[in-house]
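# Structural characterization, general
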Amino acid sequence: MTAYIVRRLWQMLPTLLGVVLLVFVLFNWVGGDPAYILAGKMSNPQQIANIRAQLGIDQPYYVQLWIFLKQIASFNFGASWSTGETVSHVLATRLGPSLTVLVPLTVMETVIAIGLALAVAYVRGSLTDRMVMIACTVGMSISILVYIIVFQYWLAYKMGLFPVQGWGDHFFDNLFRYSALPILIGLVVSIAPDLRLFRTFFLDEINQDYVRTARSKGLSEPRILWVHVLRNAAIPIVTYVMSNLPSLLIGEFLIERFFSIPGIGREVILAVERSDFPVIKAITVYVAAATMIFNLLADLLYQAIDPRVQLK
Amino acid sequence: MNDAVRHSPGLWALAWRRLRADRVAMVALAIVALYLVSLLLSATGVIARHWDAEVGVSYAPPSFLGAETAAQRDAPRIKVPPAPPAENPRDPLGPLLKRLRAERAAGQGGIDYYGIQDPLAGDITKLRAKLRAEPDAGVAKKRATLPFGADKWGHDIVQKTIKGSETSIVVGLTAAFLATLLGTLFGAISGYYGGWVDDCFNWFYSVFTSVPYLLLILAVAAVLHQKGVLTIVLILGLTGWTGVYRLIRAEYLKHKQREYVLAADAIGASHASRMFRHIFPNVSHVALVQLSILTVAFIKSEVILSFLGFGVPVGVASWGSMLNEAQNELILGKWWQLVAATTAMAVLVTAFSVFTDALRDALDPKLK
Amino acid sequence: METKPLLAVRDLRVSFRVDRRQPGFEAVKGVSFDIPENSTVALVGESGSGKSVTSLAILGLLPPENATVLPGSRILYGGRDLVGLAQDELRELRGRDISMIFQEPMSSLNPVFTVGYQIAEVLRLHLKLSPRRAQARVLELLDEVGIPDPLAKSRAHPFQLSGGQQQRVMIAMAIACNPRLLIADEPTTALDVTIQKQILELLAALQDRHRMSVLFISHDLAVVGEIADRVVVMRSGEIREQGTTDAVFRNPQDAYTRALLQCRPPLEHRPQRLAVIDDFMGSDKPPGAPGERARGLAGNEPIILEVRGLGKSFYSRQGLFGQREFKAVQDVSFKLARGKTLGVVGESGSGKTTVGLTLMRLHQATAGVALFEGRDLLAMPNAEFKAYKRRIQIIFQNPYASLNPRFTVGQILTEPLAIHGIGANDAERGALVRELLARVELPEASYHRYPHEFSGGQRQRIAIARCLTMKPDILICDESVSALDVSVQAQVLNLLQDLQDQFGLSYIFISHDLAVVKYMSDQVMVMNQGEVVEFANSDDIYLRPQHPYTRKLLAAVPRADHRIRAA
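Residues numbered from 1 in each chain as written. Chains lettered and ligands numbered in written order. Predicted model: local features only at pLDDT ≥ 70, side-chain atom pairs only at ≥ 80, totals over all residues. Heavy atoms only, no water.

## Side note on the side chain of B:Ser318
Residue and element names in this part refer to chain B. Considering the arrangement of structural elements, one finds Ser318 in the loop between α12 (271–308) and α13 (319–331). Taking the relative accessible area as the measure of exposure, Ser318 reaches 0% and is therefore buried. In this structure the side chain of Ser318 is engaged in a polar contact, spanning 3.5 Å, whose partner is the side chain of Ser306. In this structure Ser318 touches Gly164, Thr167, Glu302, Ser306 and Val312, once residues within four positions along its chain are discounted. (Helix = DSSP H or I, 4+ residues; strand = E, 2+ residues; numbered from the N terminus. Buried < 20%, exposed > 50% of the residue type's maximum accessible area, 1.4 Å probe, protein only. Polar contact = N/O pair within 3.5 Å; in protein donor to acceptor, adjacent residues only side chain to side chain. Contact = heavy atoms within 4.5 Å.)

Below, the structure is given as structure tokens:
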């Protein structure tokens, strides 16, 4: 096991290096000269040269790359170009709000989707099954933007059930008051694709031979579904949820933007709008590292729930 | 011997037969075809050419609702908070304001121009007089209602939606095509040759998938300053090939071991022949289904990108920018742009999704 | 005086359809038979005969989306008609009164639960045992079915057991509640012949000890002859003949039954040609057996291929930097005489298939030389080997996977001609292909058809034709007839023999089926776990086996005239 983990961590390095290179190429090379952005509309060449020297972009590329690598290793990316906050502070403070919405959302979404998918698998082939699938398809075809706009308008503005926007100072306040509508919208948007996927997993398992054996033993259909099939389908479900988590963190960005939740996703959008390169670079590298670690965790978890897997 | 050769159906003919028998799929296909036809017509300018002409009054309601009455137009749309008390005892400027208001009421005071004359004052007075005389001169007649309403500038929503579909569909299809092409090519080479070639591509793949998809798009959008259809297509295409790559690579790995490929090797077929003549026709249906799935995903992504302002520039109509405007309009009670964009997109995406599912079933039927 | 049968099937008709939109076809067309108490009844037939469908229908296990039991069918057990029985009553019967074991034990067991859990599940459901009593009973059952170290194995997962052990676990699960009837659907087909023998003996012992009845479904008449009291022969959904084993085997009334009995290559003698179904169905006279075919090498025949010290190892990663070696083939040497057949026989994992693939350079050999016309085929650079590729060809086992589903038959057969530059132009090549199609007895219209329109046997003939396009010297037949029905097997074997007689081809015939190997081969090489265990003329191997493994293998071959009796 330890050998496996060590080998995986070792294999992550080239990938991480590749991400660093990608980010570097994008921002330091393609991205053009940020000095003009920072200097503002009216500036003289002296100011621009100063800024360049400050940022270190007047150096040759390989020096810049070395500086970047040092930054990553020391977790110090300097300051945001627009707000002056240190990037580390930015990341540290934005993670909390994102997780406050993300964690309850993921848990609820997975549990509800599993329950619904099992129910649909039980009545597979029937009219209910087909209606639910059609409802899912239609639901998925409406952009998340529309859900956010409409829900915000109806439930928060018109009916006053939830606050329209905002974030508070206290954790429970945030969790129950400010996160409620975002979580609701997140659920509505993500249940449909999850339901479709989980249903496929369940149906794949239902067609396996061991289900026929279970029936021949006289087990009832509910028991077959809830015990035998679910346990086997849990494997692809867990893998899917685990490997999706890092992208969910960023994917929430629309919700965070609309609801003014100070999370990582919103930070990314703001940074992109303001061409705030240090923030974008830092987030990209860290999220990439997090994704790789999550994949490793997913593989370890996979080994724990699937007895056939032997990690080599 | 009967010389009339009966051509037996290959995979595509069989799949088409199955597809034709599925009525729902045919309806979906018809809807998609309709959109494509409208795309062609609008791209060539046959319809919706003048979508950006301001033909209606601002926020003209749809015809079935009837024009806004004067009373509706003047009624306050936003909940007006109650007026603050006239006198605020704690206001530090209170006494000063009281004095100024008293002066105003008495007709004194006013703004001191310090002797500066407004150079345009004479011309403006003349123009105002002229307008009072002929209220409708030089102003095109604006309609009070349009088939599905107007946006803030009076553009016809119907035409705008049709024009917007052009952006979304073109972006969706082209980007999907690019991504599928790249993913298939990389996946084929990687899966077939294995070894260090595979390791190389896998490294590439890991790098691209370690960064969450949206983040990658936004990061690329941040650095590519020029906006436009080509930029979005490149962004989506160059980041979206990973899913196709993984699938096609898995297919090639699977087929490489199959006996018909071993047999091809045994009879002396070359690598290229095996890869493209033998294996590819057996996996092309996977690529086709992925193309379809990606088109749907990219249409949705384009809408979000346009909404955020990273998509097409301002003068170009797109569903994303329509939704952006709709956000503010909703509070004013104007829902027609929202509904138009949403419905148009929902119908297209639903039809396409249904067709994709049916296509997948037709090409690779499994017992349900 | 007739005692009431344990289970009576009357006029069973089942309709099948692939999906909702296609019309159905009748898979079972009015089948009636009895299963008496305390006896073994065998349901025999080739693929498509409807035997599996019949067995699944008894327990109501047919998938409702695809199969419908048509009205008028009755399955009588314990005074009740199982067709149309309420689901909860049917569930009470399943696993308790009537239980079932299936063909693929690996996929029939739930991979994520332990063996003990799965057996205990049925005990707790039907017998309402407490967890502790259930666990004790599980250990008893595992012991009864012959699993060593029951405690450890009960905590193991299915994938940790061998194929034979998995099947024993399935049997333990099935007999846990002392059922009256055990339905066994091809339980030994996926197992090696030595394991098969053990499982058959186990089933016979259990049947005797528990005084239960067994419904045994199989395509293998020899196996059936060993264990069944009564035999029901099915073809295309109908019963052709039924009766006691003795009666049916000694004095078959129906032409199809006669054909089935005769089509297998017998172990005792070697007819010039194998009988095929058509020989029987046409007339009532049995076909003439025009003499025996002699086989065996005298030692002075010209040698076409000499293999010395062939070895192939596979490596897998272990630990942080290490490698683990798995020796699939180790030190194999033989000589192949021109125009003769070398049979390679062994069980799964013996390395016999790897030998064939390595000779073709589809795997890269780790050691050894293969001398052909004085040159070592294994050491040649790729460019040079291309010229030799057409001289040695291979026919694979799986007829459904060895032809490209997207090519027409014409394309499949023309390709090798085009690659090797045989035939001056397309017209000539087309003519060659048509000639070959006739040679392998396929209709000319096959040229434009796709493989999925052909049966397994026909596809193997296309594969043979593909090899013949290049006029090879050596043909490797890698389990080429193992996936085919008995009657079709005979046709393909006859074809192969005709080709050898006509063109002087040399064969390397790889198979696990000893009877077929003995029939086809002049010399036989027995392999076990990668090594050659014995090598002799085929008659000598069967009459005077030297090595203990060879003897064990021969003893395990099912023979219809040997009855397994419980001790």
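## Remarks on the environment of B:Val312
Position of B:Val312 relative to the elements: it lies in the loop between α12 and α13. When near neighbours in sequence (up to four residues on either side) are disregarded, B:Val312 contacts B:Thr167, B:Val229, B:Ile232, B:Ser306 and B:Ser318.

## Focus on α13(B)
Residues and elements named next belong to chain B. Its 13 residues place the ends of α13 19 Å apart at the C-alpha level, agreeing with the 18 Å of an ideal helix rising 1.5 Å per residue. Along α13, the residues that are buried comprise Trp319, Gly320, Met322, Leu323, Ala326, Glu329 and Leu330. Of the residues trailing α13, Gly333 is marked for its positive phi of about 90°. (Expected span 1.5 Å × (residues − 1).)

## Overview of the sheet that holds strand β7 (residues 98–101) of chain C
What holds strands together in a sheet is hydrogen bonding between their backbones, with the strands either parallel or antiparallel. All names here are of chain C. Strand order across the open sheet formed by six strands is β7-β8-β9-β3-β10-β11, with mixed pairing between neighbours. In the strand order of this sheet, the two ends are held by β7 and β11 (238–244), each with one partner. Here the average twist between neighbouring strands, direction ignored, is 15°. Summarising the sheet, strand β8 (residues 181–185) and strand β9 (residues 213–218) pair through five bridges and their orientation is parallel. Bridge pairing in β9 places Leu182 opposite Val214. With respect to the sheet, helix α7 (residues 163–175) is in contact with β7 and β8, its orientation differing from that of β7 by roughly 175°. Those strands touched by helix α11 (residues 255–263) are β10 (230–235) and β11, and its axis lies near 100° from that of β10. (Pairing = 2+ DSSP bridges. Axes fitted to C-alpha atoms, helices over the stretch in contact; angles between N-to-C directions.)

## Things to note about the packing of aromatic side chains
Summed over all chains, the structure comprises 22 aromatic pairs over all chains. Look at B:Trp335 and B:Trp336: their rings are 5.4 Å apart centre to centre, the planes differ by 75°, and that puts the pair in the edge-to-face class. Lying across the ring of C:Phe314, C:Lys312 places its NZ or CZ 4.9 Å from the centre. C:Arg361 extends its terminal NZ or CZ atom over the ring of C:Phe385, reaching a point 4.4 Å from the ring centre. (Phe/Tyr/Trp six-rings, centres within 6.5 Å; stacked < 30°, edge-to-face > 60°. Lys NZ or Arg CZ within 6 Å of the ring centre and 35° of its normal.)

## Regarding the interface of chain B and chain A
With 39 residues of chain B in contact, the opposing surface of chain A contributes 45 residues. For the pair chain B and chain A, the summed buried surface comes to about 3600 Å²; carbon and sulfur atoms form 78% of the total. The tally of links between chain B and chain A comes to one salt bridge. The closest approach of N and O atoms between B:Asp357 and A:Arg196, which form a salt bridge, is 2.9 Å. (Buried area = accessible area lost by both parts, 1.4 Å probe. Salt bridge = Lys/Arg side-chain N within 4 Å of Asp/Glu carboxyl O.)

Purely geometric numbers; function is a separate question.
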